[in-house]
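Examining the three-dimensional arrangement
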Amino acid sequence: MVDRDELLALYEQMALIRRTEKAAHDLFMSGLVKGTTHLAAGHEAIAVGASAALRPDDYVFATYRGHHHAMARGATPEECLAELMSRATGLCKAKGGSMHLTKASTNMLGSYAIVGAHLPMAVGAAWSARLRGTGQLAVAFFGDGATNIGAFHEALNLAAVWKLPVLFVCENNLYMEYTPIADVTAVARPAADRAPAYGIPGEVVDGNDVVAVQEAVARLAQRARAGDGPAVLEAETYRHFGHSRADPATYRPAEEVERWLKHDPLDLARGRLVELGVPEETVTAADERARDVVAKAVDAAKNASPPDPSEALTDVWADGGAAWRT
């Protein structure tokens with residue numbers, strides 16, 4: 001169980017992510033973020049709780065809804081917002097945008113727009129760690145819709161055959177874009193219920209409870225590092241916005257939305273802090289620090305320079321050219 005100081009730090013990190021997401025929404029609505037943006041407001045406990053249970057050198061792979069994972073693994077609000085605004089100071093120097101946030105220096109190895117594409121990549125990273133004997137773990141975060149993609153099944157099968165140190169964490173927010181996952185899937189738990197078919201554990205956790213997520217990931221990570229192979233963790237959660245900023249999400253029942261908004265990750269963590277005897281003003285101060293950091297990040301991103309067109313073709317190939325193809 002986390003102590004009060006650890007939980008307060010997790011709460012502040014979630015508050016920082018939530019405020020960054022809100023800033024991204026506002027910047028998009030004001031025309032300063034081009035293209036589309038898939039917000040993860042409501043999912044913060046999964047990224048923050050899981051990251052708290054991982055080693056700094058573990059590998060993380062996320063989806064196009066990956067702002068929270070990038071920040072949980074060390075990306076700053078300024079880096080993320082500058083990337084969304086196509087600034088030279090962005091996390092990927094304006095080459096990735098909202099859907100491709102990557103921070104290789106902290107082993108956050110990308111956000112991927114092709115559904116399920118990164119699951120086999122995580123298997124490859126886990127195989128590499130096994131081959132090198134580093135004790136590292138690879139973690140693939142994905143949405144419920146990816147469980148109906150072939151890559152999900154291919155990745156689980158090979159990971160199980162080789163007993164690789166990889167965790168598959170499903171962020172089940174009940175909707176695969178605009179379609180309820182329950183309408184098109186034969187099992188009640190689209191990720192966890194399918195794990196036994198590959199001979200690996202499948203568990204379900206409250207994805208809005210940062211402590212529950214941390215404890216589950218820590219336990220499964222220890223199991224994987226010990227050589228017992230992969231596992232599937234299905235984290236139940238809910239997005240506060242539509243699929244993307246172009247989606248008003250009117251297809252979701254009002255009572256469902258209301259029920260889940262009352263189960264907010266930040267509110268749950270705040271309640272735990274109160275139970276641990278943390279004064280309300282201490283929690284409020286954490287919120288205020290997050291607010292100030294994001295406000296400064298917005299100003300810095302707005303004032304940052306656009307990317308230099310001469311750098312458009314840099315960072316494309318690892319060796320800077322195409323000689324490897326011949």
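These lines cover the structure that appears in this document, whether it is placed above or below. (Residues numbered from 1 in each chain as written. Predicted model: local features only at pLDDT ≥ 70, side-chain atom pairs only at ≥ 80, totals over all residues. Heavy atoms only, no water.)

Helix and strand content of the protein chain: ten helices and eight strands. Expressed as a percentage of contacts within the protein chain between residues at least 6 apart in sequence, the contacts between residues at least 24 apart total 76%. (Helix = DSSP H or I, 4+ residues; strand = E, 2+ residues; numbered from the N terminus. Contact = heavy atoms within 4.5 Å.)

Pairs may arise between side chains of opposite charge once their charged atoms sit close together. Applying the stated criterion to the full structure yields 15 salt bridges. With its nearest N and O atoms 2.6 Å apart, the salt bridge here joins Asp58 to Arg225. One end of the pair, Asp58, is in the loop between α2 (44-53) and β1 (59-63); the other, Arg225, is in helix α7 (residues 210-228), and 167 residues separate them in sequence. Given the relative accessible area of 0%, Asp58 is considered buried. When its relative accessible area of 30% is taken as the criterion, Arg225 is described as partly exposed. Of the charged contacts, one joins Lys103 and Glu79 as a salt bridge, the two residues approaching to 3.2 Å between their closest N and O atoms. Here Lys103 is found in the loop between α4 (77-84) and β2 (108-112), whereas its partner Glu79 is found in helix α4, with 24 residues between them in sequence. Of the residues examined, Glu79 reaches a relative accessible area of 21% and is grouped as partly exposed. Taken together, the salt bridges that share partners define one network made up of Arg18, Glu44 and Asp264. (Salt bridge = Lys/Arg side-chain N within 4 Å of Asp/Glu carboxyl O. Buried < 20%, exposed > 50% of the residue type's maximum accessible area, 1.4 Å probe, protein only.)

Our next topic: the sheet that holds β2. With respect to topology, six strands assemble into an open sheet ordered β2-β1-β3-β4-β8-β7, the strand pairing being parallel. On the outer flanks of this sheet lie β2 and β7 (202-206), each paired with one strand and no other. On average, each strand axis in the sheet is inclined to that of its neighbour by 20 degrees, with strand direction left out of account. Two elements, β7 and strand β8 (residues 231-236), share five bridges in a ladder whose sense is parallel. Each bridged residue has a counterpart across the sheet, and for Val205 the counterpart in β8 is Ala235. Packed onto the sheet, α7 meets β4 (166-172), β7 and β8 and runs at close to 155 degrees relative to β7. (Pairing = 2+ DSSP bridges. Axes fitted to C-alpha atoms, helices over the stretch in contact; angles between N-to-C directions.)

What follows concerns α7. In this model α7 runs 25 Å from its N-terminal to its C-terminal C-alpha over 19 residues, within 8% of the 27 Å that 1.5 Å per residue would give. The complete set of buried residues in α7 reads Val210, Val211, Ala212, Val213, Gln214, Ala216, Val217, Leu220, Ala221 and Ala224. On its buried side, α7 packs onto α1 (4-29), α2, β4, β7, β8 and α9 (265-275). Structurally, the start of α7 carries an N-cap: the backbone nitrogen of Val211 is 3.1 Å from a side-chain oxygen of Asp209. Of the residues flanking the end of α7, it is Gly229, one or two places downstream, whose phi is positive at about 90 degrees. (Expected span 1.5 Å × (residues − 1). Polar contact = N/O pair within 3.5 Å; in protein donor to acceptor, adjacent residues only side chain to side chain.)

By the secondary structure assignment, Thr37 is in the loop between α1 and α2. In this structure Thr37 touches Phe28, His67, Leu84, Ser98, Ser244 and Arg245, once residues within four positions along its chain are discounted.

Glancing now at the packing of α2 against α7. Where α2 meets α7, the axes come as close as 7 Å, and the angle between the chain directions of the two elements is 40 degrees. Relative to α7, α2 is oriented oblique. Between α2 and α7 lies a crossing whose hand is right-handed. Across the interface between the two elements, Ala45, Ile46, Val48, Gly49, Ala50, Ala52 and Ala53 of α2 pack against Val210, Val213, Gln214, Val217 and Ala218 of α7. Taken together, the residues of the contact of α2 with α7 sort by class into ten nonpolar, two polar and no charged. (Parallel < 35°, antiparallel > 145°, perpendicular 65-115°, else oblique. Left-handed = near helix turned anticlockwise from the far one by under 90°. Nonpolar A, V, L, I, M, F, W, Y, C, P; charged D, E, K, R; others polar.)

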